[in-house]
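Each chain is listed here by its residues.
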Amino acid sequence: MKSALRSGLVLFLLLSLLTGAAYPGLVTLVARVAFPHRANGSLILRDGHVQGSRLIGQPFRDARYFWGRPSATTPTPYNALSSGGSNLGPTNPAQDKAVKARLAELHAAHPDARIPVPVDLVTASASGLDPHISPAAAQYQVPRVARARGLAEERVLQLVRACTEGRTLGLLGEPRVNLLRLNLTLDNTERDATFGVPHAGK
Amino acid sequence: MSTNACLQLSLYLVVLLACVKPLGAYMARVYQGRPFVLDRVLGWLERSLYRLAGVNDQAEMTWRQYATAVLVFNGIGFLALYALLRLQGFLPLNPQKFGAVRPDLAFNTSVSFVTNTNWQSYGGESSLSYLSQMLGLGVQNFVSAATGMSVLVALIRGLARRSSETIGNFWVDLTRSVLYILLPLSLVLALVLVSQGVVQNFRPYERASLIDSSGAEANTVAEQTLPMGPAASQIAIKQLGTNGGGFFNANSSHPYENPTPLSNFLQMLAILLIPAALCHTFGVMAGDTRQGRAILAAMLAVFVPLALGTVVAEQAGTSILAKNGISQRASSSSPGGNMEGKETRFGITDSALWACATTAASNGCVNSMHDSFTPLGGLIPLWLMQLGEVVFGGMGSGLYGMLMFVVVAVFVAGLMVGRTPEYLGKKIEVYEMKMASLIILIPPLLVLIGTAVAVSGPGLAARDRDTGTVAALSNTPGAHGFTEILYTYSSTGNNNGSAFSGLSTDVPFYNLTLAVAMLAARFWLIIPILAVAGSLARKKSAPQSAGTLPTHTPLFVGLLVCVVLLVGALTFVPALALGPIVEQLQMTSH
């Protein structure tokens, strides 16, 4: 027993150093050299300011932007300090109420929508930080965004297609649109249209 | 059932099974002390660990000494983790200045990580320092997994040896599991995960000003604080060690924890990788690889239909969505189905397959919120845990649990033909049957008694710490609320760790009773397992005869599957009828 205590204690300390300090330290060092951008959170910088992360969804409320999925984080949606889902069950009356409210809001904002509301726009994501929507959910919002920005629908649809990712290897995951990328592309397109596309040289 | 779902499941199984033989054979070499490449590179480190700890790696242990070493080591681990969580406010690597974890939560979290359950009552990004994550939770991710593997290896030695008093040396098995199996695999997986976007740094949380600043006027927020930390290193071992405790609250649904379909596939592979490969390790060490293959076949026979069933149930969707006129049909531009609590990049298929993998193994990490699953889609993960975590199951614990079902299966077969039951040439006698019965009956007792106590009152409502008002703990009335409590005890009583998180369990009643369930489910099983190992090791080998029941045939695989399913069904159908089955009937009748 006494020798077991001694061996256990020393071995625990040594294995702790190995797995709890040396291992994460080594991974951090290699990651910093090999994938510095990703290891630090895939941040989006504009003029030296952090505008978010390519991987973490943000709330979009303005009519000029594509909107993301409902987020159940507390106290505010897309709170990255408290990730999580609604955890509402399939027969919960609160779920029915939430779906109805989201539908009403979507119908009001999209009187000219051409396709039915896609399921991902009325259901809260698991993390509350989902950066993606389905291609159908983007398509649903195209007429509104085009109108709010004064762009041709075909042009907006083009941008949506450019920002759509397919399944990995044609097999894994689901087709999806990264909202941050799409909305930033929209902003940039508009800026280029206003100030003229900068030309190289003279 | 879409073609894509079938293809994804097939690809997953093909890759998994392709890894079983090489990894299983490698692990057998590690435990048998036969030479392999890595021992030449890291042998000096292994030997210096033994020297410093005063371990004689040639000395073997009896089962009692082995059990003592397991308990002492895990006891030390528990105390160290508890102390770390309580003292994190005074310790370094705490850029967000988190204070001490409350005593009941620290107790629950320490027990949950030492027992390889990783029940998440804590929220990683909002309460734990980087030091607590890596030096506390991270270390237990390694050593609790290694403990399970060691106990399994001791049991295999018991089956393989003849007339032996000893079953190996725990310190050696533990050290070798960590050094030669878990560390190298984790290192590779962690770096691949970083390449996909999983964060790995020691920086303070990052503040971002939102792209759409119109929120500020609408009285919400214009800023987002992005959590950081050494996540990838932790997530790699969380998956490989069937631990499952998330670095972030949302676990593997968090985009920083599981950013792409590829990272999702690799993590899902890591969940079942070692538990599946250990079947082959068992076959090699027992001197008959057909035995390992038979057990793997039994596990797959249960897993595959249940996984497909979950995909079908989730794709069928819910009545609330249907009633509101929302299309739940899958198409090339929409995942369709029940997307509540699921991520767009994973859709229905990846979420449903993951839910089955994580509950078949005793991993318990989630990439979607199980509480929001359809009643039948949620029933399957729940039942996979209630089967005793033997379909793949935990690191080592899954296979040693399954071997006890094998003991019961040969006993049942022996009763039918009136012969003394044997397994691998060892006579199965009263003592082994007693221990196997204990091992099979203890988890259901914990689950059913725990649920009964909770629903009789103490688990229904609690006083809020801040406001002092009494509030319901479940977010759902009726049958679903019962399922939440049943799921909670099924998860902790089988060391899984996944949750129906609509039930708030961060209250003293749950923190304490769930900790007791986790401790009992872990150590009340480990001790009888080691007792069986000791008893089997002492036996002589009975010669094979014409009356010996072969245990590698499809017939025996079928018998084993029947025993597992029958015990699981007979024990839990009444409770399941009160929860998910009632809810399914309610849903379809509306």
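## With respect to the interface of chain A and chain B
- Each partner contributes residues to the interface: chain A has 96 residues there, and chain B has 114 residues.
- Between chain A and chain B lies a buried interface of about 8,700 Å² when both sides are counted; carbon and sulfur atoms form 67% of it.
- At the boundary of chain A and chain B, one finds 1 salt bridge.
- Measuring nitrogen to oxygen at the nearest pair gives 3.9 Å for the salt bridge that ties E340(B) to R102(A).

## Re helix α1 (residues 2-34) of chain A
- For α1(A), which comprises 33 residues, the first-to-last C-alpha distance of 47 Å matches the rise-based estimate of 48 Å (1.5 Å per residue) to within 8%.
- Along its length, α1(A) shows its largest kink, about 30°, at A22(A), and proline P24(A) lies within four residues downstream of that point.

## A word on the pattern of salt bridges
- For the coordinates displayed, the defined rule picks out 23 salt bridges over all chains.
- For R147(A), the salt bridge goes to D112(A), with nearest N and O atoms at 3.3 Å. Within this pair, whereas R147(A) is found in helix α4 (residues 135-149), its partner D112(A) is found in the loop between α3 (93-109) and β3 (132-133), the two being separated by 35 residues in sequence.
- On the accessibility criterion, D112(A) (29% relative accessible area) is partly exposed.
- A salt bridge links R290(B) to D288(B); the shortest N-O distance between them is 3.1 Å.
- What emerges from the salt-bridge pattern is a single network uniting R102(B), D104(B) and D506(B).

## Examining the sheet that holds strand β4 (residues 164-165) of chain A
- Taken together, 3 strands build an open sheet; the order of strands is β3-β5-β4 (chain A) and the sheet is antiparallel. Each end of this open sheet is capped by a strand with a single partner; those strands are β3 and β4 of chain A.

## With respect to empty space enclosed by the protein
Residues and elements named next belong to chain B.
- Taken as a whole and judged by the stated rule, the model has 5 cavities of 30 Å³ or more.
- Roughly 300 Å³ of volume is contained in the largest cavity.
- Lining the largest cavity are 26 residues, with G388, E389, P443, N494 and L525 positioned closest to its centre.
- Elements that contribute at least two residues to the lining of the largest cavity include exactly α14 (397-417), α15 (430-455), α17 (508-538) and α18 (554-589).
- For the lining of the largest cavity, a count of residues per class yields 12 nonpolar, 12 polar and 2 charged.

## Details of a nonpolar patch on the surface
- There is a patch of nonpolar side chains on the surface, built from L441(B), L445(B), I449(B) and V453(B) and spanning about 360 Å² of accessible area.
- On the secondary structure map, L441(B) appears in helix α15.

## Quick notes on the confidence of the model for chain B
- For chain B, the average pLDDT comes to 94, and 98% of its residues sit at 70 or higher.
- In the predicted assembly, ipTM is 0.94 and pTM is 0.95.

## A look at the packing of aromatic side chains
- All chains considered together, the criterion is met by 20 aromatic pairs over all chains.
- Here Y26(B) and F36(B) contribute two aromatic rings whose centre-to-centre distance is 5.5 Å and whose plane-to-plane angle is 80°, an arrangement assigned as edge-to-face. Of this pair, Y26(B) sits in helix α1 (residues 3-32) while F36(B) is found in the loop between α1 and α2 (37-53), placing the two residues 10 residues apart along the sequence.
- Y26(B) sits in the partly exposed class, given a relative accessible area of 23%.
- An aromatic cluster is present here, built from F12(A), Y66(B), F73(B), F170(B) and W171(B) joined pairwise through their rings.
- Of note, R144(A) hangs over the ring of W67(A), and the distance from its end group to the ring centre comes to 3.9 Å.
- Sitting over the ring of Y65(A), R149(A) keeps its end group 5.1 Å from the ring centre.

## Points about unusual backbone geometry
- Of note, the bond from T74(A) into P75(A) is cis; its omega dihedral lies within 30 degrees of zero at -5°.
- Within the secondary structure, P75(A) is located in the loop between β2 (49-53) and α3.
- The phi dihedral of L169(A) is positive, around 55°, even though this residue is not glycine.
- Relative to the elements of secondary structure, L169(A) occurs in the loop between β4 and β5 (176-178).
- Even without a glycine there, the phi angle at S163(B) is positive, about 45°.

## Describing the state of the cysteines
All names here are of chain B.
- Tallied over the full model, the rule gives 0 disulfides over all chains.
- The thiol sulfur of C356 is not disulfide-bonded, and the nearest other cysteine sulfur, from C365, lies at 13 Å.
- On the basis of relative accessibility, which here comes to 0%, the residue C356 falls in the buried class.

## Re helix α7 (residues 170-196) of chain B
Residue and element names in this part refer to chain B.
- With 27 residues, α7 should cover 39 Å at 1.5 Å per step; its first-to-last C-alpha distance of 37 Å lies within 8% of that length.
- Along its length, α7 shows its largest kink, about 35°, at L182, and proline P184 lies within four residues downstream of that point.
- With 21 of 27 residues buried, α7 is to be regarded as a mostly interior element.
- Here α7 starts with a cap whose side-chain oxygen sits 2.9 Å from the backbone nitrogen of W171, and that cap is N169.
- One or two steps after α7, the chain reaches G197, where phi turns positive at roughly 120°.

Criteria and thresholds
Residues numbered from 1 in each chain as written. Chains lettered and ligands numbered in written order. Predicted model: local features only at pLDDT ≥ 70, side-chain atom pairs only at ≥ 80, totals over all residues. Heavy atoms only, no water. Contact = heavy atoms within 4.5 Å. Buried area = accessible area lost by both parts, 1.4 Å probe. Salt bridge = Lys/Arg side-chain N within 4 Å of Asp/Glu carboxyl O. Helix = DSSP H or I, 4+ residues; strand = E, 2+ residues; numbered from the N terminus. Expected span 1.5 Å × (residues − 1). Bend = angle between axes of the 7 residues up to and from the residue. Buried < 20%, exposed > 50% of the residue type's maximum accessible area, 1.4 Å probe, protein only. Pairing = 2+ DSSP bridges. 1 Å grid on protein atoms, 1.4 Å probe; cavity = no way out; pocket = protein on both sides within 12 Å on 5 of 7 lines; lining within 4 Å. Points joined across faces, edges and corners; volume = space filled by probe spheres on them. Nonpolar A, V, L, I, M, F, W, Y, C, P; charged D, E, K, R; others polar. Patch = residues over 30% accessible without salt bridge, like charges linked within 9 Å, V, L, I, M, F, W, Y side chains within 5 Å. Areas by Shrake-Rupley, 256 points an atom, 1.4 Å probe, with all protein chains shown as cover. pLDDT = per-residue confidence, 0-100. Phe/Tyr/Trp six-rings, centres within 6.5 Å; stacked < 30°, edge-to-face > 60°. Lys NZ or Arg CZ within 6 Å of the ring centre and 35° of its normal. Disulfide = S-S within 2.5 Å. Polar contact = N/O pair within 3.5 Å; in protein donor to acceptor, adjacent residues only side chain to side chain.

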